[in-house]
Amino acid sequence: MALWIAVLLLFPVDQAVRIDVSDSRVRGGLEAAVSGARARLMRPGCARVLGDFRDAEGRTLVEKLEAIEQSAGDYLINRVWFVSGDETTLCRRERTVPAFTVPGHQVVRVCSAPFAALASRQPVAAELVIIHEMLHALGLGENPPSSREITRQVTKRCGGS
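Below or above, wherever it landed, is the structure these notes cover. Remember, predicted model here, so these are calculated numbers, not experimental data.

Rules used throughout
- Residues numbered from 1 in each chain as written.
- Predicted model: local features only at pLDDT ≥ 70, side-chain atom pairs only at ≥ 80, totals over all residues.
- Heavy atoms only, no water.
- Core = buried A, V, L, I, M, F, W, Y, C linked by side-chain atoms within 4.5 Å.
- Buried < 20%, exposed > 50% of the residue type's maximum accessible area, 1.4 Å probe, protein only.
- Helix = DSSP H or I, 4+ residues; strand = E, 2+ residues; numbered from the N terminus.
- Contact = heavy atoms within 4.5 Å.
- Axes fitted to C-alpha atoms, helices over the stretch in contact; angles between N-to-C directions.
- Parallel < 35°, antiparallel > 145°, perpendicular 65-115°, else oblique.
- Left-handed = near helix turned anticlockwise from the far one by under 90°.
- Nonpolar A, V, L, I, M, F, W, Y, C, P; charged D, E, K, R; others polar.
- Disulfide = S-S within 2.5 Å.

### Side note on the nonpolar core
Logical step 1: One finds Leu 30, Leu 50, Leu 76, Phe 82, Ile 130, Met 134 and Leu 135 to be the most contacted residues of the largest nonpolar core, which totals 41 residues.
Logical step 2: Mapped by element, the contributors of at least two residues to this core are α2 (24-41), α4 (61-67), α5 (72-78), β4 (107-110), α7 (112-121), α8 (123-137) and α9 (147-158).
Logical step 3: Per-element tally for this core: the top contributor is α8, with eight residues.
Logical step 4: Among all residues touching Phe 82, those that are not within four sequence positions of it are Val 17, Arg 18, Ile 19, Asp 20, Val 21, Leu 30, Val 34, Leu 76, Val 108, Val 110 and Ile 130.

Right, here's the structure in full:
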């Protein structure tokens, strides 16, 4: 009950997190992680991570957000969808991947077991995963930079309490 109240306070009724996951444990973890990620993105130091990366056309992710007149936090709430990825090959094959996104697509696929475990044991790490995946939704590709490099930069900019 307290989690729902906290979520409602952080997300006005017109800004509910877009989640299509039936497992209530995963859903609760996602709601908390997205809320925490949004709060982190509101900090200027964390928001700088958007200027650290570019999309395939060479635009910074800040420029992409400016073009659609959205803050990073609003983009996360208004444009990104979180859906179950449990039936995907990646979730079935890689038991440690909590979530993944195709660069430029606004759908984040969540692997239930690893994400739920991460969210319950390391909530800050779950928030950082959400930010990492949001960067991909904005168009950030991989290799280069590697997933590890992206995570390192997100942790550097956004990982502080």
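### A few points about the packing of α8 against α9
Logical step 1: Between α8 and α9, the least distance of the axes is 10 Å, while the angle of their chain directions is 120°. When the axis of α8 is compared with that of α9, the two are oblique. Relative to α9, the crossing made by α8 is right-handed. Where α8 approaches α9, its residues Leu 128, Ile 131, His 132, Leu 135 and His 136 are matched on the opposing element by Ser 147, Ile 150, Thr 151, Val 154, Thr 155 and Cys 158.
Logical step 2: Split by residue class, the contact of α8 with α9 holds six nonpolar, five polar and no charged.

### Re the state of the cysteines
Logical step 1: Applying the stated criterion across every chain yields a total of two disulfides.
Logical step 2: The disulfide that involves Cys 46 links it to Cys 158, with 2.0 Å between the sulfurs. Across the S-S bond of Cys 46 and Cys 158 the torsion is about 90°, and the bridge reads as right-handed. Residue Cys 46 is found in helix α3 (residues 44-47), and its partner Cys 158 is found in helix α9; the two are separated by 112 residues along the sequence. With respect to burial, Cys 46 and Cys 158 carry one shared label: buried.
Logical step 3: Here Cys 91 is linked by a disulfide to Cys 111, with a sulfur-sulfur distance of 1.9 Å. Disulfide Cys 91 to Cys 111: torsion about the S-S bond roughly -80°, handedness left-handed. With a gap of 20 residues between them, Cys 91 in helix α6 (residues 89-93) and Cys 111 in the loop between β4 and α7 connect regions that are remote in the sequence.
Logical step 4: A relative accessible area of 1% means that Cys 111 is categorised as buried.

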